[in-house]
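Take a look at the letters that make up each chain.
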Amino acid sequence: MVPILSLWLPILLSAIAVFIASSVIHMLLGYHNSDFKKLPDEDRIMNELRKFNIPPGDYLMPCAANNKERTSPEFIEKTKKGPVALITMLPTGQFNMGKSLTLWFIYIVVVSIIAAYIAGRALGPGAHYLAVFRFAGAAAFIGYGLALLQNSIWWNKSWATTFKSMFDGLIYALLTAGIFGWLWPAM
C-alpha cells in the first residue's frame, strides 16, 4: 500500500493537467458548441418566462406531486399535449465563471484523491507504470465519465452530448493515469 499523503504531487499535478485540458477542450476545440440548441423565438420565450420571476433551480414540466397524480387522466393529458421539459433556471445576469471554475477544480482534485486512494490501496511502492496507469486511470474514468450516462438514460440529454463529455472524461482519465504512473513512489 502507498499512503495517500505520499501521492500529493500526482494528485496536484494531475488536477492541474486536467484543468488545463478541459480549458483547451471547451475554449479552443469547439466540439461542445453544439451541446445546446437555441429555442425558436428565444426572445419571446424569455420575455414570457421573465414574467414569472422563477428562482434558480431545476424544474420539470408538467410536474406531478406524487405517483397518484402522475397516473391521473389530467396529468396524462397534460403530458400528451406538451410541451414536456426539464429546465434548469440559472441566476439572472452574468454567468459566474470564477465560482464554476473553482468548483470544477475542487471536483478534479476529489477525483484525483479517489484515484490515489484506489491505486494506493491496490499497489505498493515501486509498482510498474502500467499497473499504476490502469488503476488510477480506471478510477479517474469512473469519476469523470461513467456517471454521465444517467443524464441520457433518465433525463433524455442528447446521447451525442453525453458521449462527447465521456470522451473528455477519457482524456482526463488518461492524463491522470499517466501522471500517477510517472510520479508513483519508488521502493
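What you see is a predicted model, and the numbers here were worked out from it, not measured in a lab.

Q: Would you explain helix H6 (residues 129-144) in this entry?
A: Note: α-helices contain 3.6 residues per turn, so residues at a spacing of three or four share the same orientation. The end-to-end C-alpha distance of H6, which contains 16 residues, comes to 21 Å, matching closely the 22 Å that a straight helix rising 1.5 Å per residue would cover. Along H6, the residues that are buried comprise Ala131, Val132, Ala136, Gly137, Ala139, Ala140 and Tyr144. Taken together, the buried residues of H6 touch helix H1 (8-29), helix H5 (97-122) and helix H8 (159-183).

Q: It is not clear to me how the pattern of salt bridges should be interpreted in this structure. Could you clarify?
A: Oppositely charged side chains are able to pair whenever their charged atoms sit close together. Tallied over the full model, the rule gives three salt bridges. In this structure, Asp35 engages Lys164 in a salt bridge whose closest nitrogen and oxygen atoms are separated by 2.8 Å. Residue Asp35 is found in the loop between H1 and helix H2 (42-50), and its partner Lys164 is found in helix H8; the two are separated by 129 residues along the sequence. With respect to burial, Asp35 and Lys164 carry one shared label: buried. One salt bridge in this structure joins Lys51 and Glu48, with 3.0 Å as the shortest N-O distance.

Q: Looking at this structure, how should I read the side chain of Ser22?
A: Residue position: Ser22 is located in helix H1. Only 2.9 Å separates the side chain of Ser22 from the backbone oxygen of Phe19, close enough to count as a polar contact. Ignoring anything within four residues of it in the chain, the contact list for Ser22 reads Trp104 and Tyr172.

Q: Please clarify how the side chain of His32 should be interpreted in this entry.
A: Mapping His32 onto the fold places it in the loop between H1 and H2. At a separation of 2.6 Å, a polar atom in the side chain of His32 contacts the side chain of Asp35. Excluding its chain neighbours within four sequence positions, the residues that come into contact with His32 are Ile25, His26, Lys164, Ser165 and Asp168.

Q: So what exactly am I meant to see when it comes to unusual backbone geometry here?
A: Glycine aside, the phi torsion of most residues is negative, and most peptide linkages are trans. Cis geometry marks the peptide bond from Met61 to Pro62, where omega comes out at -10°. Checked against the element boundaries, Pro62 lands in the loop between strand S1 (57-61) and helix H3 (67-70). Gly82 connects to Pro83 through a cis peptide bond whose omega is -5°. Mapped onto the fold, Pro83 is located in the loop between helix H4 (73-81) and strand S2 (85-89). A positive phi angle, close to 50°, is found at Asp41, a residue other than glycine. Examined against the element boundaries, Asp41 turns out to sit in the loop between H1 and H2. By relative accessible area, Asp41 is classed as partly exposed at 44%. Phi is positive for Asn53, close to 45°, though the residue is something other than glycine.

Q: Would you mind going over the environment of Ile45 with me for this structure?
A: By the secondary structure assignment, Ile45 is in helix H2. The exposure class of Ile45 is partly exposed, given its relative accessible area of 28%.

So, how was this worked out
Along each chain, residue indices are assigned from 1 in the same order as the chain's sequence is written. This being a predicted model, a pLDDT of at least 70 is required before a residue's local features are given, and a value of 80 or more before pairs of side-chain atoms are given or counted; all residues contribute to the totals for chains, interfaces and linings. The side-chain values count all of the structure's non-hydrogen atoms but skip hydrogen atoms and water molecules. Labels follow the DSSP assignment, with helices taken as runs of H or I lasting at least four residues and strands as runs of E lasting at least two, numbered in each case from the N terminus. Here the expected length of a helix is defined as 1.5 Å per residue gap, with one fewer gap than residues. A simple rule labels every residue: compare its accessible area, found with a 1.4 Å probe on the protein chains alone, to the largest value its type can have, and call it buried under 20%, exposed over 50%, or partly exposed in between. The criterion used for residue contact is that any of the two residues' heavy atoms lie within 4.5 Å. Counted as salt bridges are all cases of a side-chain nitrogen of Lys or Arg within 4 Å of a carboxyl oxygen of Asp or Glu. Between N or O atoms, a polar contact is any pair within 3.5 Å; within protein, one atom must be a potential hydrogen donor and the other a potential acceptor, and residues adjacent in sequence are included only when both atoms are from side chains.

Spatial relationships are all this shows, so hold off on functional conclusions.
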